[in-house]
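# Descriptive structure summary
Each chain is listed here by its residues.
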Amino acid sequence: MSKLKSLLAKPFARYIVRKTQKWSNNPIKTQEKVFKSLIKSAANTKFGRDHHFEDIYSFEDFVNRVTVRDYEDLKPYIDQAVAGSKDILWKGRPKYFAKTSGTTSGAKYIPITKDSLPFHINAARDAILHYVNETGNTKFINGKMIFLQGSPILETKNGIQLGRLSGIVAHYVPKYLQKNRLPSWKTNCIEDWETKVSAIVDETINQNMTVISGIPSWIQMYFEKLIEREQKPVGDIFKNFELFIFGGVNFEPYKAKFQKLIGRNVDSLELFPASEGFFAYQDKQSEKGMLLLLNSGIFYEFIQADEFYSEAPKRLTIKEVESNVNYVMIISSNAGLWAYNVGDTIQFTSLKPYRIIVTGRIKHFISAFGEHVIGKEVEQAIQEASERHNVQISEFTVAPQINPDAGLPYHEWFVEFEKAPSNEEAFIVDLDKSLQQQNSYYKDLIVGKVLTKLKLTTIKRNGFQDFMKSVGKLGGQNKLPRLSNDRNIADALYRLQLTK
């Protein structure tokens, strides 16, 4: 059976790649088709009637009738769907609600419909098949695979099941992969993250693990427990480990740490999944960025990030975007989300085909003095400084200090080092210089003596894990914000005595 799976993988991969090329070579027509289909399908929903979908014939009509909104703006409709009402945002009732929560916000219920569900299920598969088609590597298919995810236990509310997205998708693992998949169902259902990771180590440590996937910060925790148990790198524990699949955050700041944990080179594959939709995946090992999925029941709009909070920001379609511009991504989908601000900012690395990188969150920035520093900039700065000083980091976050006890205000960087710099002051100088090179507003504030150069605060080992645990966000799909425009996280780190 194992050999048969390997033999079938290559022709199936070629088939999927050809299907992908068909729409990616005609991106504008593909998006126009998706747009028309969405408007037609939702015309008789409550949202469609309220916004006169029957009179929408063009994108301009849509812009005039449907304003950009976030979860709170859409919540009155979602609440009706959660209560069990039909035909509210999309025809019928949602099949599931993905229950999500941010580091600071309350619970959200994101609808998943029978029309949107297949794209959540198949996108990761298609990403792996693109990898197979490009590299010819199929050996990993015969080994054990793990995805560090949330519990698959689902609640039922008014006849609709709800749970974490990863837990929902866990119910749809194809039969031909179920024997290869770890951890066991019982272990996956453990709620306490530290207990769960220890149980996963027990189940996997003697297995032929070939594919490991999840959010880097939580995979790191798993790897560290493996190494603690076996006293050797993960690449030696799992000699056939060949593919690391990750998503949710920029991997670059973790790269040096993971090379040390694994002890050898392993191919990687980047995904961009979210409760609101599976937006992109890495289709080429040789290209930067992920292929934006334009044929997945999602119509995309883009607003330049630096215009987003202006009175009437211009909404752009795929045919109007440019490379290397920071955009807020807005979606309308067959899950019933309309002109919905996902919260992520992206940049296009290629327009033929359309490939993107995630640059941060529109709500995660520092602009206490008008500098508008974003996630991509702090990640690139720490990556460059770490490479220059042979530093390895576990995690970091940045916050402004507006009212210091003495001197000028500054940005405070909280960093948990795996390997600290031998010359901390030189590291700080290079870190600050890199940020100035990327962000001219920040540089002007430094030169104009409005701000002084950044301050570095070292976090104790596992300090960020302790912080996430303290706010009930340890493990699963939860991510530490890279930066924030207030000191809520900074003050908590001090309050919990997590600084050195």
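Structure's up top.
First, a word on what this report is: a plain description of the structure on this page.

The rules behind these values
- Residues numbered from 1 in each chain as written.
- Predicted model: local features only at pLDDT ≥ 70, side-chain atom pairs only at ≥ 80, totals over all residues.
- Heavy atoms only, no water.
- Buried < 20%, exposed > 50% of the residue type's maximum accessible area, 1.4 Å probe, protein only.
- Helix = DSSP H or I, 4+ residues; strand = E, 2+ residues; numbered from the N terminus.
- Pairing = 2+ DSSP bridges.
- Contact = heavy atoms within 4.5 Å.
- Axes fitted to C-alpha atoms, helices over the stretch in contact; angles between N-to-C directions.
- Parallel < 35°, antiparallel > 145°, perpendicular 65-115°, else oblique.
- Left-handed = near helix turned anticlockwise from the far one by under 90°.
- Core = buried A, V, L, I, M, F, W, Y, C linked by side-chain atoms within 4.5 Å.
- Polar contact = N/O pair within 3.5 Å; in protein donor to acceptor, adjacent residues only side chain to side chain.
- Salt bridge = Lys/Arg side-chain N within 4 Å of Asp/Glu carboxyl O.

## Examining the pairing of strand E19 (residues 410–419)
- Of all 10 residues in E19, eight are buried, a share of seventy percent or more.
- As judged from the nine bridges shared by strand E18 (residues 392–401) and E19, these two strands associate in the antiparallel manner. Paired with Val398 across the two strands is Trp413, which belongs to E19.
- The pairing of E19 with strand E20 (residues 455–458) spans four bridges and is classified as parallel. If you follow Glu412 over to E20, its bridge partner there is Lys455.

## Things to note about the sheet that holds strand E9 (residues 267–274)
- Spatial ordering of the open sheet is given by E6-E3-E7-E8-E9-E10-E11-E15-E14-E13-E12, a layout of 11 strands whose pairing is mixed. At either margin of the open sheet sits one strand with a lone partner, and together these are strand E6 (181–182) and strand E12 (298–304).
- Looking at chain direction, strand E7 (residues 209–214) and strand E8 (residues 243–247) are connected through four bridges and run parallel. Across the sheet, the residue bridging to Val211 is Leu243, located in E8.
- Contacting E8, E9 and strand E10 (277–281), helix H6 (residues 117–135) crosses the sheet at an angle of about 10° to E10.

## Looking at the packing of helix H11 (residues 216–230) against helix H13 (residues 255–262)
- Viewed as axis vectors pointing N to C, H11 and H13 meet at an angle of 25°, and their least axial separation amounts to 10 Å. In this view, H11 runs roughly parallel relative to H13, as classed from their interaxial angle. Between H11 and H13 lies a crossing of left-handed hand. Judged by residue contacts, Pro216, Ile219, Gln220, Phe223, Glu224 and Ile227 of H11 engage Lys257, Phe258, Leu261 and Ile262 from H13.

## Focus: the nonpolar core
- Formed by 87 residues in total, the largest nonpolar core has its most connected members in Phe53, Phe62, Leu292, Phe302, Trp338 and Phe348.
- Aside from chain neighbours lying at most four places away, what touches Phe62 is Phe35, Ile39, Phe53, Ile56, Glu301, Arg315, Ser332, Trp338 and Ala339.
- Trp218, Leu261, Val266 and Ala492 belong to the second largest nonpolar core, which has 43 residues in total.

## Some points on the side chain of His130
- Secondary-structure assignment places His130 in helix H6.
- Residue classification places His130 among the buried residues on the basis of a relative accessible area of 6%.
- Looking at His130, its side chain comes within polar contact range of the main-chain oxygen of Asp126, at 2.8 Å.
- When residues no more than four places from it in sequence are discounted, the contact partners of His130 are Ile16, Val17, Thr20, Tyr281 and Asp283.

## Overview of the pattern of salt bridges
- Tallied over the full model, the rule gives 21 salt bridges.
- For Asp344, the salt bridge is made with Arg361, and the minimal N-O distance between the two is 3.2 Å. Of this pair, Asp344 sits in strand E14 (residues 340–351) while Arg361 sits in strand E15 (residues 354–361), placing them 17 residues apart in sequence.
- The exposure class of Asp344 is buried, given its relative accessible area of 9%.
- By relative accessible area, Arg361 is classed as partly exposed at 34%.
- A single salt-bridge network, built from bridges that share partners, covers Glu224, Lys257, Lys260, Glu418 and Arg461.

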